[in-house]
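Listed below are the residues making up each chain.
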Amino acid sequence: MPRTTTVPALAAPAARVHESLVLEPRDVRFDWARLPLHWVPDEPMATHILNVLHLLLPEGERWFVKVFKEALPLIRDEQLREEVLGFIGQEAIHAEAHQEVLDHLLGQGLDPRPYVRQVAWVFQRVLGDRPGPTPAKRREALIERVAAIAAIEHYTAFLGNWILNSPGLDRAKADPAMLDLLRWHGAEEVEHRSVAFDLLVHLDPGYVRRVRTMAMAGPLLVHLWVRGVRFLLAADPTLDGRLRPSWREAYRITRRGLLPDPVKSIRSGLRYLRPGYHPTQEGSSSQALGYLASSPAARAAAVRG
Ligand SMILES: [Fe+2]
Ligand SMILES: [Fe+2]
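Cut-offs used in this document
- Residues numbered from 1 in each chain as written.
- Chains lettered and ligands numbered in written order.
- Predicted model: local features only at pLDDT ≥ 70, side-chain atom pairs only at ≥ 80, totals over all residues.
- Heavy atoms only, no water.
- Axes fitted to C-alpha atoms, helices over the stretch in contact; angles between N-to-C directions.
- Helix = DSSP H or I, 4+ residues; strand = E, 2+ residues; numbered from the N terminus.
- Parallel < 35°, antiparallel > 145°, perpendicular 65-115°, else oblique.
- Contact = heavy atoms within 4.5 Å.
- Nonpolar A, V, L, I, M, F, W, Y, C, P; charged D, E, K, R; others polar.
- Donors = N, O, S within 2.8 Å, 3.2 Å for Na, K, Ca; no water.
- Buried < 20%, exposed > 50% of the residue type's maximum accessible area, 1.4 Å probe, protein only.
- 1 Å grid on protein atoms, 1.4 Å probe; cavity = no way out; pocket = protein on both sides within 12 Å on 5 of 7 lines; lining within 4 Å.
- Points joined across faces, edges and corners; volume = space filled by probe spheres on them.
- Left-handed = near helix turned anticlockwise from the far one by under 90°.
- Tetrahedral: all angles 85-135°; square planar, octahedral: opposite > 155°, others 65-115°.
- Phe/Tyr/Trp six-rings, centres within 6.5 Å; stacked < 30°, edge-to-face > 60°.
- Lys NZ or Arg CZ within 6 Å of the ring centre and 35° of its normal.

## Topic: the packing of helix 12 (residues 285-294) against helix 13 (residues 296-304)
Taken N-terminus to C-terminus, the directions of helix 12 and helix 13 make an angle of 65°; their axes are 5 Å apart at the nearest point. Classified by the angle their axes make, helix 12 and helix 13 are roughly perpendicular. Between helix 12 and helix 13, the residues in contact are Tyr291, Leu292, Ala293 and Ser294 and Pro296, Ala298 and Arg299, respectively. Across the contact of helix 12 with helix 13, the residue classes break down as 5 nonpolar, 1 polar and 1 charged.

Following this line, the structure appears as C-alpha cells:
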C-alpha cells in the first residue's frame, strides 16, 4: 500500500517532507469501446476542453520521464531517488492511458494527430535536450527543465485536486470510465505532487528559477489549452465547425461545475510563487489515496498484481 506522511505546512525541510512517501505505479486498463464522442452528455465544448488533457499529456508526460531519467545521476538522496523512480513509473503509465483515448478519438473520426504533432514539437524541440558546450551548461539546462516540470506539476496537482472534488461532472452524467481515468490520474498527481518540487529544491534551492519557470509554464499551458480546444471543436466530425469556442460558453460550463474556476486557477499559480510554498499545502493525500482504494481501474490493477 502507498503511504504518505502528514507534513507540517511551511517549515518542513525537503528531506523530511519526502521521508516515507512510497509511490507505486498502478497498471490500470480502460475499455473505451463504448465511450461516446461527447462523454459529458450534451456538452461538446466541456468534453473537448477536458479532452485537451489527452492531447497534451502523452507527449508531456513522456518528456517528464525522459528529463527525470536524465536527472537521476544528479540525485544525492536515496529516498528522493526512490520517489523519482516511482514518479517516472506513474507518469509513464499516465502517458499510455491517455494515448489510448487518442486512438479511440481517431477511430471515431476525430483525428488528433495534427495537433499532437505540434505538442510533440513543443516538448521535444522547444523544451527538449540541446547539446551544451560544457558539462556545467548541460547540467544547468537539465535543472531548468526540472524546474519547468515542477511548475507544470503544480497545475497537474491543482487539476487532480479539482477532479477529485467535482460533483458537477457526476451530476452531468459524464461517462464513468472517463471519470475514473481522470480521477485515478488526478489522485496520483496529488499523491506525487511533491516529487518534482523536492527534486528542484534538491538541485537548486534558489527562488529565481522557480519564478522564471512558472512565468514560462503558466502562459504556455493556457496557450496550448486554448489552441487545443479550438482544434478539437474544428476537428469534431459531428459539429461540422458550427460550435465556436467562446469565453461566455466557458463561463456557463464553469458555473455548471464542469471546469475549474479560472480565478481559483490563477490564485493557485500565484501560491506557487510564495517563498514558503510546498506542494503538500495543496490538496489532500488521504483523499487521493482514498480514491485510489475505490477506483475501479486501480482496484482491478491491484487484483492483477
Ligand atoms: Fe501524470
Ligand atoms: Fe505528475
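## Side note on the coordination of the iron ion (ligand 1)
In the first shell of the iron ion (ligand 1), the protein supplies Glu61 (OE), Glu91 (OE), His94 (ND1), His185 (NE2) and Glu189 (OE), at 1.9 to 2.2 Å from the metal. Going along the chain, you hit the donors of the iron ion (ligand 1) in the pattern E-x29-E-x2-H-x90-H-x3-E. Between the two metals, the iron ion (ligand 1) and the iron ion (ligand 2), the spacing is 3.7 Å, and Glu91 donates to both. In this pair, Glu61 sits in helix 2 (residues 44-71) while Glu91 sits in helix 3 (residues 78-107), placing the two residues 30 residues apart along the sequence. Here Glu91 falls in the buried class, since its relative accessible area comes to 0%.

## Details of empty space enclosed by the protein
Counting across every chain of the model gives 1 cavity of 30 Å³ or more. The calculated volume of the largest cavity comes to roughly 50 Å³. In terms of residue count, the dominant contributor to the lining of the largest cavity is helix 5 (residues 135-164) (4 residues). Of the residues that constitute the lining of the largest cavity, the class distribution is 6 nonpolar, 1 polar and 3 charged.

## Focus: the packing of helix 7 (residues 176-191) against helix 12
Look at helix 7 against helix 12: their axes get within 8 Å of each other, and the N-to-C directions meet at 140°. Crossing hand, helix 7 versus helix 12: left-handed. Across the interface between the two elements, Leu179, Asp180, Arg183, Trp184, Ala187, Glu188, Val190 and Glu191 from helix 7 touch Ser285, Ala288, Leu289, Tyr291 and Leu292 from helix 12. In terms of residue class, the contact of helix 7 with helix 12 is built from 8 nonpolar, 1 polar and 4 charged.

## Some words on the coordination of the iron ion (ligand 2)
Coordination of the iron ion (ligand 2) by the protein is provided by Glu91 (OE), Glu153 (OE), Glu153 (OE), Glu189 (OE), Glu189 (OE) and His192 (NE2), with metal-donor distances spanning 2.0 to 2.7 Å. Here the iron ion (ligand 2) binds 6 donor atoms, and the angle range of 53 to 148° at the metal identifies the geometry as irregular. Here the donor residues of the iron ion (ligand 2) are spaced in sequence according to E-x61-E-x35-E-x2-H.

## Considerations on the environment of Ala97
With respect to the element layout, Ala97 can be found in helix 3. Exposure remark for Ala97: the relative accessible area of 7% places this residue in the buried category. In contact with Ala97, other than residues within four places in its own chain, are Trp32, Leu181 and Trp184.

## Digging into the packing of aromatic side chains
All chains considered together, the criterion is met by 10 aromatic pairs. Note on Trp63 and Phe123: the rings are 5.4 Å apart at their centroids and 45° apart in plane angle, and the pair reads as tilted. Residue Trp63 is located in helix 2, and its partner Phe123 is located in helix 4 (residues 113-126); the two are separated by 60 residues in the primary sequence. With a relative accessible area of 6%, Phe123 lands in the buried category. Chaining the aromatic ring pairs together yields one cluster made of Trp63, Phe64, Phe68, Phe87 and Phe123. Arg210 extends its terminal NZ or CZ atom over the ring of Tyr272, reaching a point 5.9 Å from the ring centre.

## So, the side chain of Arg183
By secondary structure assignment, the location of Arg183 is in helix 7. Overall, the relative accessible area of 10% leaves Arg183 in the buried class. Not counting residues up to four positions away in its chain, the partners in contact with Arg183 are Ile163, Leu164, Ser166, Leu169, Asp170 and Tyr291.

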